[in-house]
Amino acid sequence: MAQIFSLEYPQSLGVFDDYAAAQKAVDHLSDHEFPVETVLIVGTDLKQLERVTGRLTWGRVILSGVLGGAWFGLLIGLLLGIFAAEGDWLAAVLTGILLGVVWGAIIAAVGYASSRGQRDFSSVKTILPSKYELLVEHKHLARGQELLAGLPGSATTF
């Protein structure tokens, strides 16, 4: 898989402030018959962002475990219900949901208790680049720069 992300002697074709601008540049190159399979868009200057979404309480933790367990139990119950004898599929589904609820609540409670209050909040994380650099194989650099020079409203840095 790493081979698909490698270029032969990569050179910087330009640096863009956002992904949309980098994508627009590649689209412009493509429109002008440039071999875009020799281009790589690289997000640079990575930042991790974490958005706090709420305070964790025992009630929220247990509820989350119950809901997650119910969905998992439903899935398992449906799979078991497919192979159950005629008329028993509903019992398999309900049993799966019930067991999922119980085990989901237990696993969530144990996980929360083991954190000992060191992380009493929920959050979502993402990693975002600050810049997007277009890399191109060295043999196509001059043609790429020439084409990008004609890109209207280009905010690229060579």
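Remember, it's a predicted structure, so these values are computed and weren't measured experimentally. (Residues numbered from 1 in each chain as written. Predicted model: local features only at pLDDT ≥ 70, side-chain atom pairs only at ≥ 80, totals over all residues. Heavy atoms only, no water.)

Colleague: Is there a simple way to explain the overall build of the chain in this structure?
Modeller: Each helix and strand in the chain was counted, giving four helices and three strands. The order of helices and strands in the chain, counted from the N terminus, is β-α-β-α-α-β-α. Relative to its length of 158 residues, the chain is extended, with a C-alpha radius of gyration of 26 Å against a globular reference of 15 Å. Seen through its C-alpha atoms, the chain measures out along the principal axes to roughly 70 × 45 × 30 Å. Once local pairs closer than 6 in sequence are excluded, the contacts in the chain between residues at least 24 apart make up 85%. For the chain, the distance from the average position of its 11 positive side-chain charges to the average position of its 15 negative side-chain charges is 15 Å. (Helix = DSSP H or I, 4+ residues; strand = E, 2+ residues; numbered from the N terminus. Rg over C-alpha atoms; globule rule 2.2 N^0.38 Å. Contact = heavy atoms within 4.5 Å. Lys, Arg positive; Asp, Glu negative; His and termini not counted. Charge placed at Lys NZ, Arg CZ, Asp CG, Glu CD.)

Colleague: I keep staring at the UniProt feature "transmembrane region" (unreviewed entry) in the chain and nothing clicks. Help me out?
Modeller: Per the UniProt record, the feature "transmembrane region" (unreviewed entry) sits at residues 61-83 and 89-113. Across residues 61-83, the secondary structure splits into 100% helix and 0% strand, with the terminal C-alpha atoms separated by 33 Å. From the first C-alpha to the last, residues 89-113 spans 36 Å; its make-up is 100% helix and 0% strand. (UniProt positions renumbered as here; feature names shortened; annotations may be inferred.)

Colleague: Where do I start with the domain arrangement of the chain in this structure?
Modeller: In terms of domains, the chain is made up of domain 1 (3-51 + 127-150) and domain 2 (57-118). Look at where the C-alpha atoms of domain 1 and domain 2 centre, and you get two points 46 Å apart. (Domains from an automatic or database assignment.)

Colleague: Just checking my understanding: could you explain the pattern of salt bridges for this structure?
Modeller: Charged atoms that come close allow side chains of opposite charge to pair. Evaluation of the coordinates by the stated rule reveals four salt bridges. In this structure, the salt-bridge partner of Arg 119 is Glu 50, at a minimum N-O distance of 2.6 Å. Residue Arg 119 is located in the loop between α3 (89-114) and β3 (121-137), and its partner Glu 50 is located in strand β2 (residues 39-55); the two are separated by 69 residues in the primary sequence. The class of Arg 119 is partly exposed, set by a relative accessible area of 35%. Exposure remark for Glu 50: the relative accessible area of 35% places this residue in the partly exposed category. (Salt bridge = Lys/Arg side-chain N within 4 Å of Asp/Glu carboxyl O. Buried < 20%, exposed > 50% of the residue type's maximum accessible area, 1.4 Å probe, protein only.)

Colleague: Quick question: what am I supposed to make of the environment of Ser 123 here?
Modeller: By the secondary structure assignment, Ser 123 is in strand β3. Judged by relative accessible area, which is 22%, Ser 123 ranks as partly exposed. The spatial distance from the C-alpha of Ser 123 to the C-alpha of Leu 74 is 26 Å, given a sequence separation of 49 residues. Apart from residues lying up to four places away in sequence, Ser 123 is in contact with Glu 50, Arg 51, Val 52 and Thr 53. A polar atom in the side chain of Ser 123 sits 2.6 Å from the side chain of Glu 50. There is a polar contact of 2.7 Å between the side chain of Ser 123 and the side chain of Arg 119. (Polar contact = N/O pair within 3.5 Å; in protein donor to acceptor, adjacent residues only side chain to side chain.)

Colleague: What is the right way to read the packing of helix α1 (residues 19-31) against helix α4 (residues 141-149) from this model?
Modeller: Each pair of packed helices gets described by two things: the angle between the helix axes and the distance between those axes. For the pair α1 and α4, interaxial distance at closest approach is 10 Å and the crossing angle is 105°. The orientation of α1 with respect to α4, classified from their angle, is roughly perpendicular. For the pair α1 and α4, contact is made by Ala 25, His 28 and Leu 29 and by Gly 144, Leu 147 and Leu 148, respectively. Residue composition of the contact of α1 with α4, grouped by class: four nonpolar, two polar and no charged. (Axes fitted to C-alpha atoms, helices over the stretch in contact; angles between N-to-C directions. Parallel < 35°, antiparallel > 145°, perpendicular 65-115°, else oblique. Nonpolar A, V, L, I, M, F, W, Y, C, P; charged D, E, K, R; others polar.)

Colleague: Help me out: how do you make sense of α4 in this one?
Modeller: For an α-helix, the turn length of 3.6 residues means that residues three or four places apart are oriented alike. If you check which residues of α4 are buried, you get Leu 141, Gly 144, Leu 147 and Leu 148. Buried residues of α4, seen end-on, are gathered within an arc of 130° and therefore sit on one face of the element. What points out from α4, more than 90 degrees from its buried face, is the exposed set Ala 142, Glu 146 and Ala 149. Those residues of α4 that are buried lie in contact with β1 (10-16), α1 and β3. (Arc of directions from axis to C-beta.)

Colleague: So what exactly am I meant to see when it comes to the side chain of His 28 here?
Modeller: Residue position: His 28 is located in helix α1. His 28 has contacts with Leu 147, Leu 148, Gly 150 and Leu 151, leaving out every residue within four places of it along the chain.

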